[in-house]
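Chain by chain, the residues run as shown.
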Amino acid sequence: MSGTRPGYRFSVFVAAVVAVFTFTGIHAANAQERKSIRWAVATTGTYGYKVAASLVRILEDGLGSDYTVTVNPYPGTTNAMKATMEGDAEVGYTADVGMTQLYTNDGPFKDYKPTKALLVHTWYAYPMESFMAVYAPKAEQFKSWGDFNGKPVFFTPAGFMNWLNFHRIFKALGYQFKHVQIGEAAQGDALQAGTIVGAVAYTTAGKSLPSYWRETELRLDVKVINPSPEEVKKLTAANLTPVEVNAADAFTKDVGVKTILGVPILFAYNVRPDMPEELIYKILTILYNKREELTKTDPGFVPLAKDFVGLQVKGINANPDVPVHAGLAKFLKEHKAWNDQWKIAGDK
């Protein structure tokens, strides 16, 4: 029989329980004190998700213990933008074309009224180039983008910025935009079966293909169809000038052309104007200081590393009437790149 008194054993037990709950409470309080920065992006197979996920450690290390960064996927880029404007996230994945439609109440933003506020210029991260590809055995049927006029095409998932990009491309060319919505993983099967005659592909900074397109390329042979010289003229007149992409930098196989002509868009992670100026300024400063390190996580960051400030200026100039977040304004003024013609969000 133990010589320990029952009362003593009970006191030790109570003390242990109190200690556990006190320790747990301290950690819970610390977790609650950390402010959350939620990044709303597109689906997990997209480049936007991949990039945001790669930034978590860099931002949390730079911001310290006050903030926790999470990445939340949505069905499309438009959904991510709206989630941020409804207050379900702090940072929203978007692009210059999406910001244009948002502020002109066009396309998916027609009659849209956010619960919180519209996104404003915050951080432009990388360019993308949109172009058209087909199943190689059927490539002889297509000589230009006009051959896709009114034909079933997977223009990337509906609401994606590359989808919006080709929407404005076809509008500029006077072509009928006939989109077929399928899952990204079904793209290869749909091309082979003829359910779609073409699929829009895209690179980041002329280098990286999205993961679902990489899978398609590995499964079947594809050919890229470039716009005709006449189409290039029309696109240039509409301020949608195609840029050249080295096919060998993007694809591992022959795609029928050495130089791909893609229409560029500039992707961003923007916020509402109510995000604190100093926080956004600090995030931009962290990313600026880590710009060379970012290129090691993905080659799509090379243009950002080469001219971080210039990329922000380019993003603003794509929609100069859209307000600039105060944190970005402070950052650009510090780097002698501010234009007094721009408007700071919140200023009257």
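Residues numbered from 1 in each chain as written. Predicted model: local features only at pLDDT ≥ 70, side-chain atom pairs only at ≥ 80, totals over all residues. Heavy atoms only, no water.

### Details of the overall build of the protein chain
Each helix and strand counted, the protein chain has 14 helices and nine strands in total. Its C-alpha atoms give the protein chain principal-axis dimensions of roughly 95 × 60 × 40 Å. When each of the 348 residues of the protein chain is scored for burial, the buried share is 49%. For the protein chain, the proportion of contacts with a sequence separation of at least 24, taken over those separated by at least 6, is 75%. For the protein chain, the exposed area adds up to about 16,100 Å²; of that, 53% sits on carbon and sulfur atoms. (Helix = DSSP H or I, 4+ residues; strand = E, 2+ residues; numbered from the N terminus. Buried < 20%, exposed > 50% of the residue type's maximum accessible area, 1.4 Å probe, protein only. Contact = heavy atoms within 4.5 Å. Areas by Shrake-Rupley, 256 points an atom, 1.4 Å probe, with all protein chains shown as cover.)

### A word on the pattern of salt bridges
Inspection of the entire model under this criterion finds 13 salt bridges. The residue Arg 38 makes a salt bridge to Glu 90 at a minimum N-O spacing of 2.6 Å. Of this pair, Arg 38 sits in strand β1 (residues 35-41) while Glu 90 is found in the loop between α3 (77-85) and β3 (91-95), placing the two residues 52 residues apart along the sequence. Residue classification places Arg 38 among the partly exposed positions, given a relative accessible area of 26%. Overall, Glu 90 belongs to the buried group, its relative accessible area being 11%. A salt bridge links Glu 293 to Arg 57, with the shortest nitrogen-to-oxygen separation between them at 3.1 Å. Within this pair, whereas Glu 293 is found in helix α11 (residues 291-297), its partner Arg 57 is found in helix α2 (residues 47-63), the two being separated by 236 residues in sequence. When salt bridges with common partners are traced through the structure, they connect Arg 57, Asp 61, Lys 290 and Glu 293 into a single cluster. (Salt bridge = Lys/Arg side-chain N within 4 Å of Asp/Glu carboxyl O.)

### Some words on the nonpolar core
Trp 39, Trp 123, Tyr 126, Trp 145, Phe 251 and Tyr 269 are the most contacted members of the largest nonpolar core, which has 108 residues in total. In terms of residues, this core owes the most to one element, strand β4 (residues 124-135), which gives nine residues. (Core = buried A, V, L, I, M, F, W, Y, C linked by side-chain atoms within 4.5 Å.)

### Describing the pairing of β3
The buried fraction of β3 is high, at five of five residues. Burial along β3 is two-sided: the face carrying Val 91, Tyr 93 and Ala 95 and the face carrying Gly 92 and Thr 94 are both buried. With two bridges joining them, β1 and β3 adopt parallel strand pairing. Directly across from Ala 40, in β3, lies its bridge partner Gly 92. Across five bridges, the pairing between β3 and strand β9 (residues 259-271) is antiparallel. Residue pairing in the sheet places Tyr 93 in a bridge with Tyr 269 of β9. (Pairing = 2+ DSSP bridges.)

### Side note on the side chain of Asn 226
With respect to the helices, strands and loops of the structure, Asn 226 is situated in the loop between β7 (222-225) and α8 (229-237). A polar contact is formed between the side chain of Asn 226 and the backbone oxygen of Thr 259, at a distance of 3.0 Å. Within the structure, Asn 226 has its side chain in polar contact with the backbone nitrogen of Leu 261 (distance 2.8 Å). When neighbours within four sequence positions are excluded, Asn 226 is seen to be in contact with Lys 143, Ser 144, Trp 145, Val 257, Thr 259, Ile 260 and Leu 261. (Polar contact = N/O pair within 3.5 Å; in protein donor to acceptor, adjacent residues only side chain to side chain.)

### Examining the packing of helix α10 (residues 277-289) against helix α14 (residues 326-334)
For any two helices packed against each other, the geometry comes down to the angle between their axes and how far apart the axes lie. It is at 7 Å that the axes of α10 and α14 come closest, and there the two elements cross at 50°. As the angle between them shows, α10 and α14 are arranged oblique. In this structure, α10 crosses over α14, and the sense of that crossing is right-handed. Contact residues: α10 offers Glu 277, Glu 278, Ile 280, Tyr 281, Leu 284, Thr 285 and Tyr 288, while α14 offers Ala 326, Gly 327, Leu 328, Lys 330, Phe 331 and Glu 334. (Axes fitted to C-alpha atoms, helices over the stretch in contact; angles between N-to-C directions. Parallel < 35°, antiparallel > 145°, perpendicular 65-115°, else oblique. Left-handed = near helix turned anticlockwise from the far one by under 90°.)

### Points about unusual backbone geometry
The backbone of Thr 156 sits at a positive phi, close to 75°, despite the residue not being glycine. With respect to the helices, strands and loops of the structure, Thr 156 is situated in the loop between β5 (153-154) and α5 (161-173). The exposure class assigned to Thr 156 is buried, which follows from its relative accessible area of 0%. You will see that Ala 205, though not glycine, has its phi angle at about 55°, which is positive.

### A word on the packing of helix α13 (residues 308-318) against α14
With their axes 11 Å apart at the nearest point, α13 and α14 run at an angle of 130° to one another. The angle between the axes of α13 and α14 places the two elements in the oblique class. Handedness of the α13/α14 crossing: left-handed. Note on element contacts: α14 touches α13 through Leu 328, Phe 331 and Leu 332, opposite Phe 308, Val 309, Gln 312 and Ile 316. Residues belonging to the contact of α13 with α14 are distributed by class as follows: six nonpolar, one polar and no charged. (Nonpolar A, V, L, I, M, F, W, Y, C, P; charged D, E, K, R; others polar.)

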